[in-house]
Amino acid sequence: MSSLPFLLLLFWLLSPPAAKRMPAECVLTTPFQIQEKLNYYRSGDFIIGGNFLLTTMISSNIPDFQKRPTLLDLKLVFIAKNYQHFMALVFAVTEINKDLVLLPNITLGFNIYSNFQIDMSVSSNSLSLLSTRGRMVPGYKCDRQDSLLSVVGSLNSKSSRLMASIFSIFKIPNLGVGFEFSQEDRTVYPSFFRINPSEFPQYVGLVQLLLHFQWNWIGLLAPEDDSGERFISSLRPMLEEKEICLAFTEMLKSDIFATTQLKLLHVFKIWSKAEVIILFGDSSSIANVQVAVYGHEVMRNTPFQKVWILTSHWKLNVVGSKNVLQLIKPFHGALHFRYHTGDVSGFNRFLLSLDPLNPQGDLFLSPWWERLFGCMIHKPGKSLEKGKRTCTGKENLENVPTYVFERSMTDESYNIYNAIYAVAHALHAMYGSVTQPIMKRRGKRSSSVQSWQILCSMKNAQFNNNAGDEISFSEHGLGSAQYDLLNWLLYPNRSFVPTKVGQINPRAPPGQDFTINKDAIIWAVKVPFARCGMKRCHVGERRNVPEGEQVCCYQCSPCPKGTISNKIDAAHCDPCPEDRFPNKEKDHCIAKNLNFLSYQETLGYTLVSLTLFLFVITMAVLTIFVMHRDTPIVKANNRDLTYILLVSLLLCFLCSFLFIGQPGKFTCLFRQSGFAILFSLAVSSVLAKTVMVVLAFMATKPGNRTRKLVGKPLTNSIVLACPLIQTVLCITWLATSPPFLNLDFHSLIGEIIVECNEGSTSMFYTVLAYLGFLALVSFTVAFLARKLPDSFNEAKFITFSMLVFCSVWITFLPTYLSTKGKFMVVVEIFSILASGAGFLACIFFPKCYIILLRPDLNQRGNIMRHKNF
């Protein structure tokens, strides 16, 4: 223990002479030495970060694996069209700083990097935004006081996911192109907000566009990556639901432009199957399609003319290409769904005011200007490249073709512009409510505000921008999902510009969410047919898909009986309502005619006339018999039974009117019962007359006791009992299952049979059978009594009348059952009239002949001697 103090003293005396106190500083450098050249910074109370694809790197030498790849000699190529994304952010920040109401006493700055669309560059830029300039210590800033408020970029889903995973750690609001993640993953990306609208309305618009032009045979091109597979898997079910078929589905490989001629010909053999092609993809995959189409046209020396339907991801970039027109020409007449953009006043003037000779710290302005106008800005110490001219700064941006650079705000720039304003409104909501008292008390404008504090305000941001559009943000991102439908046109002056021809607005009422002005569309050649079959099914036809074919490759067949189709390419024929039937062309339904025996038609008029004629004749016979009631021939034939028979015949003829005209509930209920009871009365009267003839003859024989039966009691019993039984049957029928009015829609084509359904068929035939039974008994008795002595022989005429009656009604049954509609009624009316006329002719006409024409025979003595009366 005694040696310890000695050792401490020795260390103190031998301390290194070079040891000294080192100053604390950030020493970790960025892995990209070129990084500082691609950064544009402007100070402010709060900083808006940007991470955009403005440049791409091309290595000028081949790696030899002897030095670090990051130290290779890299050449920067500026992407001119994407410079507008950067300018939209600068313009929005400039406007906000001038607004004395939105953020008073607060100044926004920005710090913008350019990435190369590679993961390492995107990650490096993101970490640099979180670090001190020139150093990379995320979350630690040691040389400036301004704080990072929010970050915008990048403008593709892959880079957005990468950035979101970084900035969500520090809870800094990150606004970029949306990518797929579930609601459960919201905790992983709590600070991410999508600035592009939902793509689902665009898919709906694609389907509605195809349906509008009735295209059902299309091609589909998408990149061979997650976004392409997601696009196809989302769109395919929607197309199948509307019976739109895919002629081909091609996943684009990244090296399609480098394929051999044989492979290229095979690719275009597939692409040629459809007249309309939907193209989905990012700028690189679409550029490959442009090059492939151009190469095919050069090889075949024929234009590849298709109608291209382009999604919102489509961007035309031909800067630096030697064959610009050849790359653009195939897309003349293309239809393009693009995010809706408002007319932001002042943005065009802002672009025209740019001065490349005075960039004011904008490191991107000079390379953009040089790339745009093909000149070089003079830099001290650098000589002008051979073949290059010096930029004067007076070059006119208005003379630049739109396919090189658009002066009006593009959809992506418009989303960035709205995103910056959403951040400003969220900060305004915080600054004007919670933090303002704290700031005033501390005498500071921003030191107490952290970026994570505006997340809640961002989720509820809602405002009207300077273009008049209502903008809303939520945790799912931009609330508006409005798209414009553009028609790209190549004019003779080499300008390639879009014309708005339609719109998708999910907020509009149903039926108005998709609008299109097809007359404003200019096609490359003509309106494409774009259908699998060359023939379209006309009205009156339906589609018939052969076995093994897709649903769009159909044939046409006529609609089956009783159905119609009133539109082109109907999937099926629809049956007409029961009260209608197809017209001859089977393209619409027409009202059926009511089928019943009307008074106005010839047949009804004839039957009415015949009925009235027979009624008048019967009435005349009754009148004759009443007027000559005291004559021997009337007395000899039982006057009371004769009157009953004639009256029953009158009523039988009149009941025919129950069968003529449109049936009703009352007529249906009582016409068959009335007919049955009245005819039972008539037949019973005939039966009573026949029985009386037989009994009267038998009473003349000595010792016969039948004399007691002859008289009114027996006849009254027969006349009352027989119809009474029929009445009981009819009452039972009406009580159990009565007839009712029925409409038969199917028995006759084009007609509705208005008929009386008999209700219980068994009761109907029971009533007819009972009537037939009475007729058969009367016929049998009369037939057996036909050879009685002449003075009593009325039975011969009754025999003939009953023979007619039975013949008529035996014929009635099969005829009635074999007819439909009004002809069934005609058969029954004819049977009623014929059987009644048979009674009238056979029984009464001979007597009327004697009464009127041979009164000399109407004497008691003559009646006893003559037999034919």
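Each chain has its residues counted from 1, running along the sequence as written. Given that the model is predicted, a residue must reach a pLDDT of at least 70 before its local features are reported, and side-chain atom pairs must reach 80 or more before they are shown or counted; all residues, however, enter totals for whole chains, interfaces and linings. Side-chain measures were taken over the full set of non-hydrogen atoms in the model, leaving aside hydrogen atoms and water.

Looking up the chain in an unreviewed UniProt entry gives the name Type-2 vomeronasal receptor, with the organism given as Crotalus adamanteus. UniProt positions are given in the numbering used here, feature names are shortened, and annotations may be inferred rather than shown by experiment. What UniProt states about the chain under its Sequence similarities (unreviewed entry) heading is, verbatim, "Belongs to the G-protein coupled receptor 3 family." In the Subcellular location (unreviewed entry) part of its UniProt record, the chain is described as follows: "Cell membrane".

### Section: a nonpolar patch on the surface
Side chains of Val647, Leu651 and Leu654 sit close together on the surface and give an oily, nonpolar patch of about 210 Å² of accessible area. We count a stretch as a helix when DSSP gives it H or I for four or more residues in a row; a strand needs E for two or more, and each element gets its number in order from the N terminus. Within the fold, valine 647 resides in helix α17 (residues 639-654). When accessible area is computed with a 1.4 Å probe and restricted to protein chains, residues below 20% of their type maximum are described as buried, those above 50% as exposed, and intermediate ones as partly exposed. Residue valine 647 is classed as partly exposed on the basis of its relative accessible area, which comes to 38%. Without a salt bridge and with relative accessible area above 30%, a residue can belong to a patch; like charges are then joined within 9 Å and nonpolar side chains (Val, Leu, Ile, Met, Phe, Trp, Tyr) within 5 Å. Using the Shrake-Rupley algorithm and a 1.4 Å probe, accessible areas are obtained, with residue cover drawn only from the displayed protein chains. Any Lys or Arg side-chain nitrogen located within 4 Å of an Asp or Glu carboxyl oxygen qualifies as a salt bridge.

### A closer look at the sheet that holds strand β30 (residues 751-757)
Between any two strands, at least two bridges found by DSSP are needed for them to pair. With mixed pairing, 3 strands are arranged side by side in an open sheet as β28-β30-β29. Because the sheet does not close on itself, it has two edges, and the strands there are β28 (593-595) and β29 (740-744). In this sheet, neighbouring strand axes are inclined to one another by 25° on average, regardless of whether the strands run parallel or antiparallel. For β28 and β30, the ladder comprises 3 bridges, and the chain directions are parallel. Paired with leucine 594 across the strands is isoleucine 752, a residue of β30. As a rule, the C-alpha atoms of each element are fitted with a line to give its axis, helices using only the stretch in contact, and angles between N-to-C directions run from 0 to 180 degrees.

### Considering the nonpolar core
We define a nonpolar core as any set of buried Ala, Val, Leu, Ile, Met, Phe, Trp, Tyr and Cys residues linked to one another through side-chain atoms lying within 4.5 Å. Judged by nonpolar contacts, the single largest core of 104 residues is most densely connected at Trp271, Trp308 and Trp368. Broken down by element, this core gets its largest block of residues, 13 residues, from helix α12 (residues 411-431). Any pair of residues with heavy atoms lying within 4.5 Å of one another is described as a contacting pair. If sequence neighbours within four positions are ignored, tryptophan 368 has contacts with Phe78, Ala80, Tyr83, Leu354, Leu397 and Phe405. Counting 69 residues, the second largest nonpolar core, distinct from the first, contains Leu645, Leu646, Cys722 and Val767.

### Observations concerning helix α6 (residues 226-241)
Look at α6: 23 Å from first C-alpha to last across 16 residues, which is about the 22 Å you get at 1.5 Å a residue. When α6 is considered as a whole, its buried residues turn out to be Gly228, Phe231, Ile232, Leu235, Met238 and Leu239. Each element contacted by the buried residues of α6 is listed here: α5 (200-213), β9 (217-223), β10 (245-252) and β11 (276-279). Looking one or two residues past α6, glutamate 243 carries a phi angle of roughly 60°, positive in sign. By definition here, a helix of n residues has an expected span of 1.5 Å times n minus one.

### Side note on unusual backbone geometry
One non-glycine residue with positive phi stands out, namely glutamine 214, at about 60°. By secondary structure assignment, the location of glutamine 214 is in the loop between α5 and β9. Overall, the relative accessible area of 35% leaves glutamine 214 in the partly exposed class. Look at glutamate 243: it is not a glycine, yet its phi comes out positive at around 60°. Inspection of the secondary structure assignment puts glutamate 243 in the loop between α6 and β10.

### What about the packing of aromatic side chains?
Here is the rule: rings of Phe, Tyr and Trp (six-membered ring for Trp) pair when centre to centre is within 6.5 Å. Planes less than 30 degrees apart are stacked, more than 60 are edge-to-face, and the remainder are tilted. Taken as a whole and assessed by the stated rule, the structure comprises 38 aromatic pairs. Both rings, one in phenylalanine 91 and one in phenylalanine 347, keep their centres 5.4 Å apart while their planes meet at 70°; by these two values the pair is edge-to-face. Taken together, the residues span a long stretch of sequence, with phenylalanine 91 in helix α2 (residues 83-98) and phenylalanine 347 in helix α10 (residues 347-352) at a distance of 256 residues. For the ring pair tyrosine 203 and phenylalanine 231, a centre distance of 5.5 Å and an interplane angle of 65° mean the geometry is edge-to-face. Separated by 28 residues along the polypeptide, tyrosine 203 in helix α5 and phenylalanine 231 in helix α6 bring together distant segments of the chain. Exposure class is identical for tyrosine 203 and phenylalanine 231. Each is buried. Charge over a ring is defined by NZ of Lys or CZ of Arg lying within 6 Å of the ring centre and within 35 degrees of the ring normal. Above the face of the tyrosine 554 ring, arginine 543 is positioned so that its terminal group lies 5.1 Å from the ring centre.

### Describing the pairing of strand β6 (residues 147-153)
Most of β6 sits inside the fold, with 6 of its 7 residues counted as buried. One ladder, built from 6 bridges, connects strand β2 (residues 46-53) with β6; its direction is parallel. In the sheet register, isoleucine 48 faces β6, and the bridge partner there is serine 150. Pairing between β6 and strand β7 (residues 174-176): 2 bridges, direction parallel. If you follow valine 152 over to β7, its bridge partner there is leucine 175.

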